[in-house]
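Coordinate analysis (summary)
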Amino acid sequence: MSERADPLLDVSGLTKHFAQDDSLLRRLRPDQSVRLVKAVDGVDLTIRDGETVGLVGESGCGKSTFGRLVLRLLEPTDGSIRYRDETVTDFDAGTLREYRGQAQMIFQDPFGSLNPRYTVRKTLVEPMAVHDVGDSTTERVRRSTELLERVRLGPEYLDRYPHELSGGQRQRVAIARALAVEPEFVVADEPTSALDVSVQVEILDLLDELREEMDLTLLFITHDLSVVRHVSDRIAVMYLGNLVEVGETETVFEDPSHPYTQALLSSIPNPDPSATSERISLEGDVPTPIDPPSGCRFHPRCPKILPPEEWSHDQRTWRELFRLRTRVADGEIDPEAMRETLRESDERADDDAVVEALYRNHVADRVEDATGNSVPDSVATAAREALSDLVAGDPDGAVGRLEAAGLTTVCEREEPELTTTEYGSEVRCHLHSDVARDHPDSAELRARDSEKIL
């Protein structure tokens, strides 16, 4: 990274909500409402001059939307974008065109990002003409030839069309096009995901070489953590439209602070056969951004969710009971399907039998397999009574009974604040907030954060 540490891009509260099923008829009907997809929801991020920031997260978390927002390829719903102390969101058409000369994008799909009717020559010359780079067409063609050589293609490619190129060659042309206007800042959106593994390595090496040669600042968007460690100075981890951890690359890899970051890192294959680290499994899928969870958005899947302070049993037992409450509330437990399964096995299928079968599947087996301990009597009673309510057709009563038994958490009630950890990372998690400072389980759960996952 360059020794310069001045902010190049400063994003604050950046938000993008898309309307789903929006239409004039829906707007005119008082009984209908437009649902919002909260793709990016209040992101704060500073990118320093000369550094590469890796933006990582699962598919659908808002990474690509964020990249398009900072270049104003999409208009933000709220928040501010400042580039060298100028407010990008206030730019008119002329100033925005100047900004696009300084900030460019390499798109994910090399098959779809190039105009199939343009030769490579026209693909490279046209953006130079738009941004007044070069004094003449001859000068621009000369610069195009130099760009092709920089991306390890020869001048013989100038008059070829995209369909005459391989995937790797198309992505090299896309990189050359982004660099044609001599930008300072480049957003690389999954630039290798559509390519073969051998070609991916070549493109990553090329990007790293060009960054050094041209003193570029990069926002590198990817879901591949094995890649981001080798290309980034800092890492920003995104989950469901917001950043949950930001820190120096080696700090995040060696001492991840957020449970989501830990789970992502544990999924990277380790070639060392003597390694003893285990993969952290996350239950369920990423929730819909139309109706994200309350409080900490990661809490329905979090393996370190905090129990209430008065909880007197182990954390794993509490977590499995909390997940039971979540499954009941989300309608994921079907008593009639269990009843049919029992009948097919020639077992008793009355209500009591269904309750016991559900209890074994969703409580006893999960707790005992995970901890080796039996379920405490008071917990078992509350779970069975809640499942009885569910079998009787009262899911709301089942949820209320589990809540009354202490199955509530600060993680679902309050959104965590951004906190700086002892390792220097910024993390959005109750384990590192004032809320959990005096919690009897938080110290133990935080202590595991310091163990190296890789």
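Above this text is the structure in question.
The paragraphs below set out a description of the structure included in this document. (Residues numbered from 1 in each chain as written. Predicted model: local features only at pLDDT ≥ 70, side-chain atom pairs only at ≥ 80, totals over all residues. Heavy atoms only, no water.)

Comments concerning the pairing of strand E4 (residues 78–83)
Taken together, the 5 bridges between strand E1 (residues 7–20) and E4 define a ladder with antiparallel strand orientation. Paired with Leu 9 across the bridge in E4 is Tyr 83. Examined bridge by bridge, E4 and strand E5 (residues 86–87) share 2 bridges and lie antiparallel to one another. By the bridge assignment, Arg 82 is partnered in E5 with Thr 87. Here E4 hands over to E5 after 2 residues, with Arg 84 in that stretch at a positive phi of 50°. (Pairing = 2+ DSSP bridges. Helix = DSSP H or I, 4+ residues; strand = E, 2+ residues; numbered from the N terminus.)

A look at the sheet that holds E4
Read across the open sheet, the 4 strands follow the order E2-E1-E4-E5; overall the sheet is antiparallel. The open sheet has two edge strands, strand E2 (35–48) and E5, and neither has a second partner. Pairing of E1 with E2 involves 11 bridges; the strand directions are antiparallel. Residue Ala 19 lies in a different strand from E2, and its bridge partner there is Leu 36.

A closer look at the sheet that holds strand E12 (residues 426–428)
With mixed pairing, the 8 strands of this open sheet are ordered in space as E6-E7-E8-E3-E9-E10-E12-E11. Either end of the sheet is taken by a strand with one partner, and the two such strands are strand E6 (103–106) and strand E11 (418–420). Shown here is a sheet whose adjacent strand axes are inclined to one another by a mean of 20°, direction ignored. By the bridge criterion, 5 bridges tie strand E7 (residues 185–189) to strand E8 (residues 217–222) in an arrangement that is parallel. Within the sheet, the bridge partner assigned to Phe 185 lies in E8 and is Thr 217. The strands that helix H2 (residues 63–70) touches are strand E3 (52–56), E6, E7, E8 and strand E9 (234–239); relative to E8, the one it contacts most, it runs at about 155°. Across the sheet, helix H3 (residues 93–102) touches E6 and E7, and the angle it forms with E6 is around 60°. (Axes fitted to C-alpha atoms, helices over the stretch in contact; angles between N-to-C directions. Contact = heavy atoms within 4.5 Å.)

Thoughts on helix H7 (residues 197–214)
Over its 18 residues, H7 extends 26 Å from the first C-alpha to the last, a length consistent with the 26 Å expected when each residue adds 1.5 Å. Packing partners of the buried residues in H7 comprise E3, E6, helix H5 (137–150), helix H6 (167–179), E8 and helix H8 (225–231). Of the residues flanking the end of H7, it is Asp 215, one or two places downstream, whose phi is positive at about 55°. (Expected span 1.5 Å × (residues − 1).)

Brief notes about the pairing of E9
Burial within E9 is extensive, with 6 of its 6 residues counted as buried. Side chains of E9 alternate between two faces, with Arg 234, Ala 236 and Met 238 and Ile 235, Val 237 and Tyr 239 buried alike. Strand direction decides the pairing type here: E3 and E9, joined by 4 bridges, are parallel. Bridged to Val 53 within E9 is Arg 234. Across 6 bridges, the pairing between E9 and strand E10 (residues 242–248) is antiparallel. Within E10, the position partnered with Met 238 by the bridge is Leu 243. Here E9 hands over to E10 after 2 residues, with Leu 240 in that stretch at a positive phi of 50°. (Buried < 20%, exposed > 50% of the residue type's maximum accessible area, 1.4 Å probe, protein only.)

Note that all results are geometric; they support no functional claim without further evidence.
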